[in-house]
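What follows is the residue order along each chain.
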Amino acid sequence: MAIAFFSLSIFLFLNLDIEYGSFSPASAASSSSEGPEITYGTVLKLMHERTKFRLHSHDVPYGTGSGQQSVTGFPDVDDANSYWIVRPQLGSDAKQGDRIETGTVIRLQHMKTRKWLHSHLHLSPISGNLEVSCFGGETESDTGDYWRLLIEGSGKTWKQDQRIRLQHIDTGGYLHSHDKKYQRIAGGQQEVCTYQEKRADNVWLAAEGVYLPVTQSK
């Protein structure tokens, strides 16, 4: 496990366009009673609480709907296509290492393709809810990439062990997944979409990742 985290840290240091001072790798199986705080610049995987699949994307477009880069739930814990960088919304004065409070609007950038977790009014391929895709790039982002962080329970700032929902700003739906799987995609990947109501299937947790230290105090 230590070797795997060391390799991941070196890979992230060489491939991300953000500067790391020191960092603290952590996994979903952390033995700490309280997980590390999640700050801007953190690279992480989001785990769907009920199915344990990770939020995932790769450079394969949807065959229907928007035709944008597809987003799925993926069962393999070790796949590098499931890493996302936590970014602030456009125009924010938030900096790398800043804490993220419940109610904050964030963006998630897919580490491999540099596109943004996105939603819109296209229908999702399996359930007919609203499609979730990856869209844009380093210099191309819009409000369709905005998600409001909602921490379940009494927590005020986002930490690894907290149950969260991500509510899409433009459409109001919650990031959602379920047991329905794609028949023509290898690896048993399941649909990710948005759903208009709060359900058990739109709860997520921060899992594996490189958690940057907090640089601000509140």
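The written sequence of each chain sets the order in which its residues are numbered from 1. Side-chain atom pairs in this predicted model are given and counted only at pLDDT of 80 or more, local residue features only at pLDDT of at least 70, and totals for whole chains, interfaces and linings cover all residues. Here the side-chain values reflect all heavy atoms present in the structure, with hydrogen atoms and water set aside.

As recorded by an unreviewed UniProt entry, the protein carries the name MIR domain-containing protein and is attributed to Manihot esculenta.

Draft legend 1. Focus on the packing of aromatic side chains. Stacked, tilted and edge-to-face pairs are distinguished by plane angle, under 30 degrees for stacked and over 60 for edge-to-face with tilted covering the rest, among Phe, Tyr and Trp rings (Trp via its six-membered ring) whose centres lie within 6.5 Å. With the rule as written, the count across this model stands at zero aromatic pairs. A ring is scored as having a charge over it whenever the NZ atom of a lysine or the CZ atom of an arginine sits within 6 Å of its centre and within 35 degrees of its normal. Its guanidinium or amino end placed over the ring of Y83, K45 lies 4.6 Å from that ring's centre, counting from NZ or CZ. Here R107 stacks its cationic end above the ring of W116, 4.0 Å away from the centre of that ring.

Draft legend 2. Region of the structure containing the side chain of D79. Segments assigned H or I by DSSP are reported as helices when at least four residues long, segments assigned E as strands when at least two residues long, and all are numbered from the N terminus. Locating D79 in the fold gives a position in the loop between strand 4 (69-74) and strand 5 (84-88). Each residue's exposure class comes from its accessible area (1.4 Å probe, protein chains only) as a fraction of the maximum for that residue type: buried when under 20%, exposed when over 50%, partly exposed otherwise. In summary, the charge assignment counts Lys and Arg as positive and Asp and Glu as negative, without counting His or the chain termini. Every case where a carboxyl oxygen of Asp or Glu lies within 4 Å of a side-chain nitrogen of Lys or Arg is listed as a salt bridge. Among buried charged residues, D79 stands out as having no salt bridge; its nearest opposite-charge side chain is K112, 6.2 Å away. Pairs of N or O atoms are called polar contacts if they sit within 3.5 Å, as long as, within protein, a hydrogen donor faces a hydrogen acceptor (for residues adjacent in sequence, only side-chain-to-side-chain pairs). At 2.8 Å, the side chain of D79 and the backbone nitrogen of N81 are in polar contact. We call two residues in contact whenever any of their non-hydrogen atoms come within 4.5 Å of each other. Filtering out sequence-adjacent residues up to four positions away, D79 remains in contact with K45, H56 and F74.

Draft legend 3. View of the pairing of strand 5. Buried residues dominate strand 5, accounting for five of its five residues. Of the two faces of strand 5, the one lined by W84, V86 and P88 and the one lined by I85 and R87 are each fully buried. Direction of pairing for strand 2 (residues 43-48) relative to strand 5: antiparallel, over a ladder of two bridges. The residue bridging V43 from the neighbouring strand is I85, located in strand 5. Strands are treated as partners if at least two bridges between them are detected by DSSP. Judged from the five bridges that link them, strand 5 and strand 6 (residues 105-110) form a sheet pairing that is antiparallel.

Draft legend 4. Focus on the pattern of salt bridges. In this structure the tally under the stated criterion is nine salt bridges. The partner of E37 in a salt bridge is R99, with the nearest N and O atoms 2.8 Å apart. Here R99 lies in the loop between strand 5 and strand 6 and E37 lies in the loop between strand 1 (24-26) and strand 2, a separation of 62 residues in the sequence. Between E138 and R114 there is a salt bridge, and its shortest N-O distance comes to 2.9 Å. Of the two residues, E138 sits in the loop between strand 8 (130-135) and strand 9 (147-151) while R114 sits in the loop between strand 6 and strand 7 (116-123), which places them 24 residues apart along the sequence. For E138, a relative accessible area of 43% puts it in the partly exposed group. A relative accessible area of 14% means that R114 is categorised as buried. Each of R50, D179 and D201 takes part in one network of salt bridges that share partners.

Draft legend 5. Up close: the side chain of E131. Tracing the sequence through the fold places E131 in strand 8. Salt bridges are absent for the buried E131, whose nearest opposite-charge side chain, K115, sits at 11 Å. Within polar-contact distance, the side chain of E131 engages the side chain of H120 at 2.7 Å. Residues contacting E131, with those up to four places away along its chain left out, are Y62, T64, G65, S66, H118, S119, H120, H122, L123 and S124.

Draft legend 6. Broad picture of the environment of D78. Along the chain, D78 turns up in the loop between strand 4 and strand 5. A relative accessible area of 68% places D78 in the exposed class. In this structure, the C-alpha to C-alpha distance between D78 and E208, residues 130 residues apart in sequence, is 9.1 Å.

Draft legend 7. Region of the structure containing the pairing of strand 7. As judged from the five bridges shared by strand 7 and strand 8, these two strands associate in the antiparallel manner. Among the inter-strand pairings, L117 is bridged to a residue of strand 8, identified as C134. With antiparallel pairing between neighbouring strands as the criterion, strand 7 and strand 8 make up a hairpin whose turn holds six residues, including G128 at a positive phi of roughly 75°.

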